[in-house]
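Observations on the model geometry
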Amino acid sequence: QTVGDNPVTAYRQLVQQYAKDAQGKPVAPRVALGETNAVFRANPVGASLSGLWPRLIGVLLKRVPKFGFLLSYSFFMGEGDPGFGAALTASICSAPFINPVRLVEKQQRAYFKQTGTGKPVVEILREAGAKNFAPLFRGTVPLMGHSLASALLGLVGQPRLQKYVQKQLGATGSLSGTATNLVASAVVSPIYVFVTNPLSRLEVIMQTNSLKGESISTVNAVKELGADMAKFGLAGVFRGQGIGIAK
């Protein structure tokens, strides 16, 4: 799955990253889309595979703390199925473990337009190490919100919705377990992307600027998102929304 959807993930990040020009001013969504297409035309394989190795490593690393905190909370609180409390605990406690991998992934493809290739992981870690690795935790706050939405809708909401669909439709034998899962996913996915797309934008803003420079605070990232909305309306805020739903 990670290998298959990596080109979509890379494309979506660049569409969101190119939301501003070299002077830091918002550009029209179609301009950002054009720049992203130009990058992919120039090096389709490299752009599609950018950030893949950090994502593959992250698939393992993020599962351990997220599910660890989620299931531990449910166990100690005596919950049969994970609920809101477990999702909240998992999203907050696992974010510091997950964020460095997500930042490395985004940094790998952040300068594709300038260099035409992915940034080496060793170079990213060297730049972060010069600041005691503090840059690896840029974007942790929006990630907590992103993880909460993911846990509530994906780990908690979708299974419960699937059970409801199975009860309503599956009991007749007209739909298999796979089909009811697809129905539940079709309902949850647009809601999930709608909720998390602005948070994803904040992550991209905070994690793709130079590690050698000053970090962008959550407040300033929100202001940047607000300026985008003021100029281009909801189309500015929800850049990459359709791509996210497709993913």
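Residues numbered from 1 in each chain as written. Predicted model: local features only at pLDDT ≥ 70, side-chain atom pairs only at ≥ 80, totals over all residues. Heavy atoms only, no water.

Moving on: the nonpolar core. A general tendency of soluble globular proteins is for nonpolar side chains to be buried together. Formed by Ala10, Tyr11, Leu14, Val15, Tyr18, Val27, Ala32, Val39, Phe40, Ala47, Phe112 and Ile243, the largest nonpolar core amounts to twelve residues. Of all the secondary structure elements, the ones that give two or more residues to this core are helix H1 (2-17) and helix H2 (29-42). Counting residues per element, this core draws most heavily on H1, at four residues. The residues contacting Val15, other than those within four sequence positions of it, are Ala32, Leu33, Thr36, Arg239, Gly240 and Ile243. (Core = buried A, V, L, I, M, F, W, Y, C linked by side-chain atoms within 4.5 Å. Buried < 20%, exposed > 50% of the residue type's maximum accessible area, 1.4 Å probe, protein only. Helix = DSSP H or I, 4+ residues; strand = E, 2+ residues; numbered from the N terminus. Contact = heavy atoms within 4.5 Å.)

Attention shifts here to the packing of aromatic side chains. A full pass over the atoms with the stated rule returns four aromatic pairs. An angle of 40° between the planes, with centres 6.4 Å apart, marks the rings of Phe69 and Phe97 as tilted. A residue pair is termed long-range when its members are at least 10 positions apart, and Phe69 in helix H4 (residues 52-76) and Phe97 in helix H5 (residues 84-110) qualify at 28 residues. Judged by relative accessible area, which is 29%, Phe69 ranks as partly exposed. An angle of 15° between the planes, with centres 5.1 Å apart, marks the rings of Phe194 and Phe238 as stacked. Of this pair, Phe194 sits in helix H9 (residues 177-207) while Phe238 sits in the loop between helix H11 (234-237) and helix H12 (241-246), placing them 44 residues apart in sequence. Taking relative accessible area as the criterion, Phe194 reaches 49% and is therefore assigned partly exposed. (Phe/Tyr/Trp six-rings, centres within 6.5 Å; stacked < 30°, edge-to-face > 60°.)

Applying the stated criterion across every chain, the model contains ten salt bridges. Between Glu224 and Lys20 there is a salt bridge; the shortest N-O distance is 3.1 Å. Note that Glu224 is positioned in helix H10 (residues 218-232) and Lys20 in the loop between H1 and H2, a separation of 204 residues in sequence. By relative accessible area, which is 24% here, Glu224 ends up partly exposed. When the shortest N-O distance is used, the salt bridge between Glu35 and Lys113 registers 2.8 Å. One end of the pair, Glu35, is in helix H2; the other, Lys113, is in helix H6 (residues 112-115), and 78 residues separate them in sequence. Residue classification places Glu35 among the partly exposed residues on the basis of a relative accessible area of 27%. By relative accessible area, which is 42% here, Lys113 ends up partly exposed. Each of the salt bridges in this network shares a partner with another, and the network as a whole consists of Arg102, Lys106 and Glu203. (Salt bridge = Lys/Arg side-chain N within 4 Å of Asp/Glu carboxyl O.)

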